[in-house]
Each structure stands twice: as structure tokens, then as C-alpha cells.
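# Chains, contacts and geometry: an overview
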Amino acid sequence: MSTKICVPPIKSQGIKTKLVPWIKSIVPADFNGAWIEPFMGTGAVAFNIAPQHALLCDTNPHLINFYSNIASGAITADVVKAYLVHEGALLLQKGEDHYYFIRDRFNAEHSPLDFLFVNRAGFNGMIRFNKKGGFNIPFCRKPQRFAQAYITKIANQVDWVSKLIKTKNFTFKCQSFRDTIAEAS
């Protein structure tokens, strides 16, 4: 098993990257069953463990939608790069008003690219929704958030996840942990 831990494109408080080495150490080297994650979150654990078969679930439809779009090929590193270059330039030009424009658009249309944008431009990489289901994280106050190096880093993270998903049998589902556990045998 590789000791390098890769970070997925979606950020979150409580991301499990620091736990991956320990988790990897307890997974049998000859593991060939189905990896089941009822609380997928950003995908850090599953993507770094990289089992051949995985059921990756979460109740957050935006996480599942984002990774399902990578799996289908609708979101690629090139698509992400072009999108973030465009929206990052507008953010630099218009400031935080553009962040709130994208946040409002995301809350209305649920675009997975807008989800990536608000996740990366919002305060401290937080993911939080109000009772009505609206993403409500404030702007990070860094208008130059999407500098070229940062965009490249995110595009590379998308590329890594995309290549991994293409070589594996990963299923993404938006469902409760109870429904996910019920699928296990």
C-alpha cells in the first residue's frame, strides 16, 4: 500500500486524511470484498484505500452528485480548470458579491461545479446547510482565492479521483447509513 495520502477535490471540516494511514494499516492486504462507507463525506478514505469494489454513500446529495458527475465523465480536470479560471476571474473582478451570486445560483440549481466553487471559496472549507437546505457558508474574504496554482491543485485532485474511479467499480448513492448498512451482507 502506498504511504502517500492524496486529498480529494472537496474540502470539509473533519476530513479523514490524517486517519487514512491508520485505516490502511488495519485493512487486510488481500482484501477483495466490497468496501462500504455509509458516511462517505469527501471520499478521502475510500479514494486512498482504493478498493476494487465500493459502495460510497452519504445523505448529502451534493457530494454524491459531484462524484457521480466525475464518474460519468461530465466533470473532468479540464472542465474544472476552465470553470474555476472563469469564475475566479469574476471573483477577482467583482469581489465577494460574486461568491454570493454563485452561492445563490448553487442553492437554486445545484450545479456540482458551483458546489465545488462555494466549497473552495467559502469560509474555512466548511460544508453547512440551513434548515431549508441552502448552502449558507460565508465568503472566505480572499478575492484572489483562485490563483493559477490553486486551480491547478484542484484540477489535479479531480484528475486523480477521475482516474481512480475509471479503474474501479465504485457506486455512489445518496442514502441514509441505515439503508447503506442494509445493503451489506
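Refer to the structure presented above.
Residues numbered from 1 in each chain as written. Predicted model: local features only at pLDDT ≥ 70, side-chain atom pairs only at ≥ 80, totals over all residues. Heavy atoms only, no water.

If you walk across this open sheet you meet the 3 strands as S1-S2-S3, and the pairing is parallel. With partners counted over all chains shown, the strands left at the sheet margins are strand S1 (34-37) and strand S3 (169-174), one partner each. Sheet twist, expressed as the average angle between the axes of neighbouring strands with direction ignored, equals 15°. The sheet strands contacting helix H3 (residues 61-72) are strand S2 (53-58) and S3, and the helix crosses S3 at an angle near 150°. (Pairing = 2+ DSSP bridges. Helix = DSSP H or I, 4+ residues; strand = E, 2+ residues; numbered from the N terminus. Axes fitted to C-alpha atoms, helices over the stretch in contact; angles between N-to-C directions. Contact = heavy atoms within 4.5 Å.)

This next bit is on unusual backbone geometry. Residue Asn-124 is not a glycine yet carries a positive backbone phi of 55°. Along the chain, Asn-124 falls in the loop between helix H6 (112-121) and helix H7 (148-167). Relative accessible area serves as the criterion here: at 44%, Asn-124 is assigned to the partly exposed category. Of note, the phi angle at Arg-141 is positive, near 65°, even though the residue is not glycine. As for its position among the elements, Arg-141 is in the loop between H6 and H7. By relative accessible area, which is 56% here, Arg-141 ends up exposed. (Buried < 20%, exposed > 50% of the residue type's maximum accessible area, 1.4 Å probe, protein only.)

We now examine the environment of Thr-59. Mapped onto the fold, Thr-59 is located in the loop between S2 and H3. In this structure, the C-alpha to C-alpha distance between Thr-59 and Gln-175, residues 116 residues apart in sequence, is 5.1 Å. Among all residues touching Thr-59, those that are not within four sequence positions of it are Cys-174, Gln-175 and Ser-176.

The space that makes up the largest pocket amounts to roughly 250 Å³. Lining the largest pocket are 17 residues; nearest its centre among them are Gly-14, Phe-39, Met-40, Gly-41 and Thr-42. Per-class residue counts for the lining of the largest pocket are 7 nonpolar, 7 polar and 3 charged. Considered as a void within the structure, the second largest pocket measures approximately 160 Å³ in volume. (1 Å grid on protein atoms, 1.4 Å probe; cavity = no way out; pocket = protein on both sides within 12 Å on 5 of 7 lines; lining within 4 Å. Points joined across faces, edges and corners; volume = space filled by probe spheres on them. Nonpolar A, V, L, I, M, F, W, Y, C, P; charged D, E, K, R; others polar.)

Now for the nonpolar core. Within the largest apolar cluster, 44 residues are counted, with the highest numbers of intra-cluster contacts made by Phe-47 and Phe-117. Of the residues forming this core, the biggest block, 7 residues, is contributed by H7. Aside from chain neighbours lying at most four places away, what touches Phe-47 is Pro-8, Met-40, Thr-42, Leu-56, Tyr-67, Trp-160, Val-161, Leu-164, Ile-165, Phe-170 and Phe-172. (Core = buried A, V, L, I, M, F, W, Y, C linked by side-chain atoms within 4.5 Å.)

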